[in-house]
Amino acid sequence: MAKSDVVIIGGGPAGSIAALSLLKLGHSVRLYERFRFPRYRVGESLLPGTMSILSRLGLKPSIDAARFIRKPSATFLWGVGQAPWTFSFSVPRVSGWIFDHAIQVKRDEFDALLLDAVRQRGGTIHEGCPATDVRVDYDDHVEVDIDDGSGQQTISADFLVDASGASSILVKKLRCRKYDEFYRSLAVWSYFRRPDPFTGDLRGTTFSITFQHGWCWMIPLKGDIYSVGVIVDQSKADEIRDCGLETFYRRMLDQCSRAKEMLGDAEMIDKVRAVRDWSYDTSIYSRGRFFLAGDSACFTDPLFSQGVHLAAQSAVSAAAAIDRLYGHPGEIDNVHRWYGTSYNLTFEQYHEFLASFYTYASFTEPESEFWRRRQIAETVDARFERRRWFESLLQKAERNADWRIADFRDRASTMIAIGRHNRSALSSDFSDAELLPRRLEWLSQLSRKLNSLTQLSWVGEKVVLQGYYKVNPETFVLEPKFVLANELGRSMTKYAVEPAVADMFCGLLAQPIGYKALIKRMAEVGVVETSSQIVVRLFEAGLLAGADANNQPVRIQDRLRFDGVGVEYEV
Ligand SMILES: Cc1cc2nc3c(=O)[nH]c(=O)nc-3n(C[C@H](O)[C@H](O)[C@H](O)COP(=O)(O)OP(=O)(O)OC[C@H]3O[C@@H](n4cnc5c(N)ncnc54)[C@H](O)[C@@H]3O)c2cc1C
C-alpha cells in the first residue's frame, strides 16, 4: 500500500521527476497535465547533473535508446574578437553519480519519455486535464479543481507538487513571484536543417555567441537540426511589431556574424517563436502541504542551460521532503526551511554566475547598449542595487568593503581563462586535452595558496552545529544532518559534518593552525576525500580566515560555481 497520495500539476521534467522520485520512495502519485503529449517546449540543452538524477532513477537505458545528441561541453564566443572558450564537462567519474557529459534533446520527445516512465511505474497520469484552481490552506490535505474535458471536478490529496511551469495558477494566487529586472530580455528562435559542422570535441557542444544586440544560442539536435535563438532587449518588441517576427529574427541573425557563418545557407524548417519575461524567483518555495518545483518556482536566463536541472533537482528535493513529512510531521517547519533555503541558494548561485558573465561581456562588447545595460552597476534590479544583493549573497559586505564592478568581470575571466582555446577561430582541431594544463595550473595555484596558510582561524566566537538535511543519493530519502555555522548566522551547507568535526574546529577558536595541520586533524576525525573542498567552502562562507607566514591575510579566491556541472554531489 502506498504511504501517501500526492497530486502533481504539470508533466514537464519537474512534474515527471517528482513523480518518479515519489514512486521510488513508495508513495502514490496522480499527475495532471494540461496538454496531451508529445507537446512542444523550448529548453533543449541539458547538464550532466540531470543525467545523474535520471540515471539514479533508472532511466539510463531508455535515454541511451533514444540516441539523443551527446553534449560534451558548452562553448562560448563571448565578446568581440575574443577566442572561443569551452566549459568542458569532462571530469573523472569518481562515483556513479558523476557524469562527464549531458545530452541535447528535442523536448517533445524527452518530456514524453519521462512521462511514459511515470506511467510504466504505476503513476496515474491524466493528460489534457488542466488544473483550474488550487486550495492549499488546509492542515491535512490540499484540493485541486480539474477540468477533465467533460466538466469540472475537485480532487483532494495529502500533498501537492506544483510543477506547472511559468504559468502556475498557485503562484498567481499566492502573488509570490518576483520578476528579475536584470534580465528583462526577449528570446526569439527557430530551427534549421544543418549537420553538426564539427568533428572532434566540439561535436555536440552548445554555442553561445555575443553580438551587439544580445547573444545567440546554437544547439545541435538529433536529425541534423540546429536550434538557434537570439536573446535581445525587451525594447526590441516595438521593432518586432513593425517588421514581423521572422524578419526581425533573420535581421538579428544577420548581425550575429559568427552564428551566420556557422549556419551557412541552412534552411529554416520551423516557425519563429518568441517569449519574454521569463526570469523570476519567488518569495515562497513551499508551505504546509505544497511544494513549488521547477519553473513554477523560479527560472533565470538560459545562458548556461540550467532550467531543466533546477527543475530536476527541486523535484527530487520536493519528493524527499514530502516523504520526510509523511513519517515525521513534527518536522514541518525545518523541512520547509531546508527546502526553501537549499533551492534559493542554488538559484542565487546561478544568478551570481550569470551576473558575472553578463558583466564580463559588458567589457568585451563596449559599443553595445544591450551589454552596457546588463553591467551590474547599470541594473535597476533591487537585488543588485549598489551591489547589496551580491554582497549579502556572499556575505562579503563585512569582509570586502572594496568590491568593484570589475570583480564580477574578473571572476568570470578566471573561468574563461581556464577554458580558452589555443586558436582564435572555431575549429574541429579543438581538443579538450588542450585545456588540461590550464586547469592544472589553476588547481596548483589554489593548492599553493592553501599551503601558504600558516594561521587558519575560525570567524566568530562559536562553532555551531546547525541542523540541516541532505537527500541520500541512492535512496532519495531525506536524512537529518548537521552543517557548520557560527553565532553570526553564517553557515556552510554544501557538506554535512559529524559532531566530531565541529569539535575539531572548536580547537581553532583557541589556537589558529596551518592548512596542512588542519587537513591532518580532519583526517583524524574521518574527513579525508572532501577535506580541501570543505576548507575552501568554509572560506567562501566566511567561516574561516587565514594568513601566511608573514602575517599577511590570504584570500582564497571564490570560484564561480553553479549546480549541475561539478563533481560535487547535489541531490
Ligand atoms: C528561451 C528559453 C530557452 C531555454 N533553454 C534552456 C536550455 O537550453 N536548457 C535548459 O535546461 N533549460 C532551458 N530553458 C528552461 C527550461 O525550458 C525550463 O526551465 C524547464 O522546461 C522547466 O521544466 P518544468 O517541468 O518546471 O516546466 P515546463 O517544462 O514548463 O512544464 C510545465 C508543464 O505544466 C503544464 N501545465 C501548465 N499549467 C498547467 C495546469 N494549470 N494544469 C495542468 N498542467 C499544466 C504545462 O503544459 C507543461 O507541460 C529555456 C527557457 C527559455 C524561456
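Everything quoted here is computed from the prediction, not taken from an experiment. (Residues numbered from 1 in each chain as written. Predicted model: local features only at pLDDT ≥ 70, side-chain atom pairs only at ≥ 80, totals over all residues. Heavy atoms only, no water.)

### Here we look at the pattern of salt bridges
Consideration 1: Under the definition given, this model contains 30 salt bridges.
Consideration 2: Residue Arg-135 pairs with Asp-133 through a salt bridge whose shortest N-O separation is 3.4 Å.
Consideration 3: Judged by relative accessible area, which is 22%, Arg-135 ranks as partly exposed.
Consideration 4: Across the salt bridge formed by Asp-432 and Arg-439, the nearest N and O atoms sit 3.7 Å from each other.
Consideration 5: Arg-439 sits in the partly exposed class, given a relative accessible area of 23%.
Consideration 6: Salt bridges linked by common partners bring Asp-133, Arg-135, Glu-143, Asp-145 and Lys-173 together as one network. (Salt bridge = Lys/Arg side-chain N within 4 Å of Asp/Glu carboxyl O. Buried < 20%, exposed > 50% of the residue type's maximum accessible area, 1.4 Å probe, protein only.)

### Description of the environment of Lys-462
Consideration 1: Relative to the helices and strands, Lys-462 resides in the loop between strand 22 (455-458) and strand 23 (464-471).
Consideration 2: When the C-alpha positions of Lys-462 and Val-94 are compared, they lie 35 Å apart, and in sequence the two are 368 residues distant.
Consideration 3: Not counting chain neighbours up to four residues away, the residues in contact with Lys-462 comprise Ala-485, Asn-486, Glu-487 and Leu-509. (Helix = DSSP H or I, 4+ residues; strand = E, 2+ residues; numbered from the N terminus. Contact = heavy atoms within 4.5 Å.)

### Points about the environment of Val-105
Consideration 1: As for its position among the elements, Val-105 is in the loop between strand 6 (102-104) and helix 4 (107-120).
Consideration 2: A residue is classified by how much of its surface remains accessible, and Val-105, at 0% relative accessible area, is buried.
Consideration 3: Counting along the chain gives 61 residues from Val-105 to Glu-44, while the straight-line C-alpha distance between them is 5.0 Å.
Consideration 4: Leaving out residues up to four positions away in the same chain, Val-105 has contacts with Glu-44, Leu-46, Phe-68, Phe-110 and Leu-221.

### Points about the sheet that holds strand 8 (residues 131-135)
Consideration 1: With respect to topology, 3 strands assemble into an open sheet ordered 8-9-10, the strand pairing being antiparallel. Each having just a single partner strand, strand 8 and strand 10 (152-157) make up the two edges of the open sheet. Ignoring strand direction, the axes of neighbouring strands in this sheet form an average angle of 20°.
Consideration 2: The pairing of strand 9 (residues 142-147) with strand 10 spans 6 bridges and is antiparallel. Across the sheet, residue Val-142 finds its bridge partner in strand 10, namely Ala-157. (Pairing = 2+ DSSP bridges. Axes fitted to C-alpha atoms, helices over the stretch in contact; angles between N-to-C directions.)

### A closer look at helix 15 (residues 499-510)
Consideration 1: Every buried residue of helix 15 is accounted for by Val-501, Ala-502, Met-504, Phe-505 and Leu-508. Considered in projection along helix 15, the buried side chains sweep an arc of 160° and stay on one side of the axis. Exposed and oriented more than 90 degrees from the buried face of helix 15 are Asp-503 and Ala-510.
Consideration 2: Lining the buried residues of helix 15 we find strand 22, strand 23, strand 24 (478-485), helix 16 (515-524), helix 17 (531-540) and strand 26 (544-547). (Arc of directions from axis to C-beta.)

### What to know about the site of the ligand
Consideration 1: Close to the ligand lie 36 residues; Glu-33, Arg-41, Ser-45, Asp-295 and Val-308 are nearest.
Consideration 2: Contact distances for the ligand include 3.3 Å between an oxygen atom and a backbone N or O atom of Gly-307.
Consideration 3: Val-308 is positioned with one of its backbone polar atoms (N or O) 2.8 Å from an oxygen atom of the ligand.
Consideration 4: Within the complex, the protein chains bury 96% of what would otherwise be the 1000 Å² of accessible surface of the ligand.
Consideration 5: Going through the elements one at a time, helix 1 (13-24), strand 2 (28-33) and helix 9 (307-327) are the ones with two or more residues in the shell around the ligand.
Consideration 6: Of the residues in the shell around the ligand, the class split is 17 nonpolar, 12 polar and 7 charged. (Near = heavy atom within 4 Å. Polar contact = N/O pair within 3.5 Å; in protein donor to acceptor, adjacent residues only side chain to side chain. Areas by Shrake-Rupley, 256 points an atom, 1.4 Å probe, with all protein chains shown as cover. Nonpolar A, V, L, I, M, F, W, Y, C, P; charged D, E, K, R; others polar.)

### Side note on the side chain of Glu-143
Consideration 1: Along the polypeptide, Glu-143 turns up in strand 9.
Consideration 2: Since its relative accessible area comes to 17%, Glu-143 is described here as buried.
Consideration 3: Reaching out from Glu-143, the side chain makes a polar contact with the side chain of Tyr-138 at a distance of 3.3 Å.
Consideration 4: Aside from chain neighbours lying at most four places away, what touches Glu-143 is Asp-133, Val-134, Arg-135, Tyr-138, Thr-154, Ile-155 and Ser-156.

### Some words on the pairing of strand 24
Consideration 1: Sheet topology note: the strand 23/strand 24 ladder contains 8 bridges and is antiparallel. Pairing of Val-471 across the sheet is with Leu-478, part of strand 24.
Consideration 2: Hairpin connection from strand 23 to strand 24: 6 residues lie between these consecutive antiparallel strands, with Phe-476 at a positive phi of about 70°.
Consideration 3: In the sheet, strand 24 pairs with strand 25 (residues 491-492) via 2 bridges, with the strands oriented antiparallel. Opposite Ala-485, over in strand 25, you have Ser-491 as the bridge partner.
Consideration 4: Hairpin connection, strand 24 to strand 25: the antiparallel pair is bridged by 5 residues, and Gly-489 has positive phi, about 90°.

### Here's the deal with the packing of helix 1 against helix 9
Consideration 1: Their axes nearest at 8 Å, the elements helix 1 and helix 9 cross at an angle of 35°. Where helix 1 crosses over helix 9, the handedness of that crossing is right-handed. Touching Pro-13, Ala-14, Ile-17, Ala-18, Ser-21 and Leu-22 of helix 1 are Val-308, Ala-311, Ala-312, Ala-315, Val-316, Ala-319 and Ile-322, all from helix 9.
Consideration 2: A per-class count over the contact of helix 1 with helix 9 returns 12 nonpolar, 1 polar and no charged. (Left-handed = near helix turned anticlockwise from the far one by under 90°.)

### Here's the deal with the packing of helix 1 against helix 4
Working note: a packed helix pair is described by the angle between its axes plus the distance between those axes.
Consideration 1: One way to put it is that helix 1 packs onto helix 4 with a least axis distance of 9 Å and a crossing angle of 25°. Taken as axis vectors, helix 1 and helix 4 run roughly parallel relative to one another. Crossing geometry of helix 1 relative to helix 4 is assigned as left-handed. Along its contact with helix 1, which presents Pro-13, Ser-16, Ile-17, Ala-19, Leu-20 and Leu-23, the element helix 4 presents Arg-107, Asp-111, Leu-114, Leu-115, Ala-117 and Val-118. (Parallel < 35°, antiparallel > 145°, perpendicular 65-115°, else oblique.)

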